[in-house]
Amino acid sequence: MYRKIFSLLCLALPSTAQVLDDTTRQVYSNATVEFVYEKDVLRNIQRSFHPDTSLRYYHYSSPLRRSGWVYQDLGNVGTSARPFYFQKFNGIGNQMGLESNLMYAPDPENIKYYNTRSPYTYLGYQMGGGHTQFEITHSQNIRPNWNVTLNILKFNSEKQYGFQRSEEVLVNHWKYDVSTNYTKGKYKLLAAFYHFNHKQFEQGGISGGDTLSRLEPKYARNYDAALKNGVFSRERWNNLHLYQQFVLKNSIQAFHILDYERKTYGFFDPAFTDSTSAMVYGIPAPAEVDTLNYHYRLQSISNRIGFKGYFKGFNYQVYAKSRFYKLNNSGFPTSTLNWKPEFYLGGLLGYVFPDSTNTLDLRAEMESPKNYLLDATLFYKGFEIGFYNAARPAGLFYQRFQNGILQYRNDLESENAKILSVKLPVNVGSFGFVPELRWSSVKNYTYLATVPEVAQKKSDLNMIHIGGQMAYRSKNFEGTYRIFYNSSSDKEVYPVPQFTQHANLEFNFLYAKVLRIYTGLDIYLQSKYQGLYYSPLVNQFIAKQGQETGGVPIADLYLKFPISKGRIALNWQFLNKGWGWNGVFTTPGYVGQPGALLIKIDWPLFD
């Protein structure tokens, strides 16, 4: 692997044979490429963005590290995860309720709709740390008012133990979208097809790993996987999103949003009769030899039609929405649901301050008292306050799941969540402090008490997160320290570490009078806590505890620098492995990725 990294570095360095004369100038660059987000167009906010060329967060290799490590996962990039902070619902209405892969799933709100003066291509590649990733974006205006863009993201994560050959795949991830941005006169269209294919080979953790108190340094040599090869879970989406608007008289605009979603959830175990499998799954061993294979498919069609415009300085939206959903289980027709309707009324009232970066929004949507959304946010000169209250039916997974071994048939109450968040930045010279408070309260929180048993909390689940970030910045140094105190009213159902911490120290210097190099250290630390067990059978975390997780500092040393139009980062992850710690359990029986060297490089093209 290290020879591959060295070869990539050699290819990336500029050749001294290529010399540009004084008459050569670059016509196209990131400044001639811009994109918008649909949420801004919908709110009539006139702003656009350019591709990110900064080095500030470039060295982070995964969403987990970028978040400050505020998730419980299975140790490798792409594995199932649950957040320490209770998140806003991923849509109201009847949803599947399987959300262990959401960290890596596409979000239609974050699709970029481009407008380019020349063909634009972005190439990104990273390798190392048990993770290989390739990313490509190609955007081109077919006409001055019509753009088409293709985004592709592909990564694999490798097994740390229980493999038959090196670099054996643990997670196989594909994500791509094709989008278009079209404007003609008073009409505007934004549309995207996005695909998500996430396959996770289930190992069940280390065999007997949840009974270990310490780890040996060589995982592959000392440990086997709890499950045999060939067991996997898969989540696959094929979704279509369309937004269109037309300006009527007096600047009133009619708009229409269409969403078609087709989400498939599956699992396969080729030798389910192996008693080890049943023990890992937490269920009785079957009497007969058989495989275990199930596929669920949730389809939905949503149409939102409404009007928007301005009134006395405020922008507004009013709309009606219809949604139809259908649940298929190819192996067990009794769990199937034919098309069911949902009808909503909703609206938004917002105010955009003159600089267009400060906003106030109040959004509401309602189908019934047990299925509604209220979301209010204020962003003003760095100050942020938000209040969220929503109710939705418990996930269809918890209501009617069947796979031949398990069967859930439950009449459950709607979940109701409230989230209050406040952030207030204070800057004094080179110093900055951002105190934060987040409070969450969930009524009828739905979870798995054991693998065969669905439960709802009778009392409210309350969580508080208090902390903030301190920072110091100078010309050649930047340091940040982020710490949060976390509390959960029910640590058996929703455990969180008492403290989560992330420190970053970064220096920069000028090399050979031309190259600005940044080098730094990230340190992550979670307090020891009893994380939830994970069940491969249902790709869910369950309210079972036993082994302590976390409690080990993770130190990453990095170096990064710009080179011509591109960027390069080198990252030695978990460099302190072996300095008193041979690893960390991230979930009972599952270990985090050991120390490794990673290289990350990207390059934009404008012709």
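Above this note sits the structure.
The rules behind each value
- Residues numbered from 1 in each chain as written.
- Predicted model: local features only at pLDDT ≥ 70, side-chain atom pairs only at ≥ 80, totals over all residues.
- Heavy atoms only, no water.
- Core = buried A, V, L, I, M, F, W, Y, C linked by side-chain atoms within 4.5 Å.
- Buried < 20%, exposed > 50% of the residue type's maximum accessible area, 1.4 Å probe, protein only.
- Helix = DSSP H or I, 4+ residues; strand = E, 2+ residues; numbered from the N terminus.
- Contact = heavy atoms within 4.5 Å.
- Phe/Tyr/Trp six-rings, centres within 6.5 Å; stacked < 30°, edge-to-face > 60°.
- Polar contact = N/O pair within 3.5 Å; in protein donor to acceptor, adjacent residues only side chain to side chain.
- Salt bridge = Lys/Arg side-chain N within 4 Å of Asp/Glu carboxyl O.

In this section: the nonpolar core. By size, the foremost hydrophobic cluster in this structure holds 44 residues, and its most contacted members are Met-96, Phe-397 and Leu-537. Among the elements of the structure, helix H2 (38-42), strand S9 (187-201), strand S10 (232-247), strand S11 (253-269), strand S12 (292-311), strand S13 (314-329) and helix H6 (396-399) are those that each provide at least two residues to this core. Excluding anything up to four places from it in sequence, Met-96 contacts Tyr-265, Tyr-296, Leu-298, Leu-327, Gly-395, Leu-396 and Phe-397. Counting residues in each nonpolar core, the second largest holds 39 residues, with Met-103, Tyr-344, Leu-373 and Val-552 among its members.

Turning to the packing of aromatic side chains, a few remarks are in order. Applying the stated rule across the entire model yields 39 aromatic pairs. Summarising the aromatic geometry, the rings of Phe-477 and Phe-507 are spaced 4.9 Å apart at their centres and angled 45 degrees between planes, so their arrangement reads as tilted. In this pair, Phe-477 sits in strand S26 (residues 477-488) while Phe-507 sits in strand S27 (residues 499-511), placing the two residues 30 residues apart along the sequence. Exposure remark for Phe-477: the relative accessible area of 22% places this residue in the partly exposed category. Residue class for Phe-507 comes out partly exposed when judged on its relative accessible area of 45%.

This next bit is on the side chain of His-465. As for its placement among the helices and strands, His-465 is situated in strand S25 (residues 461-473). Overall, His-465 belongs to the buried group, its relative accessible area being 0%. Side-chain polar atoms of His-465 contact the side chain of Asn-486, separated by 2.8 Å. With residues up to four places along the chain from it excluded, the contact list for His-465 reads Phe-84, Tyr-85, Glu-436, Leu-437, Arg-438, Phe-484, Tyr-485 and Asn-486.

As enumerated under the stated definition, the model contains 20 salt bridges in all. The salt bridge partner of Glu-216 is Arg-214, with a shortest N-O separation of 3.2 Å. Classification of Glu-216 by relative accessible area gives partly exposed; the value is 32%. Of the charged contacts in the structure, one is a salt bridge between Lys-457 and Asp-490, with a shortest N-O distance of 3.0 Å.

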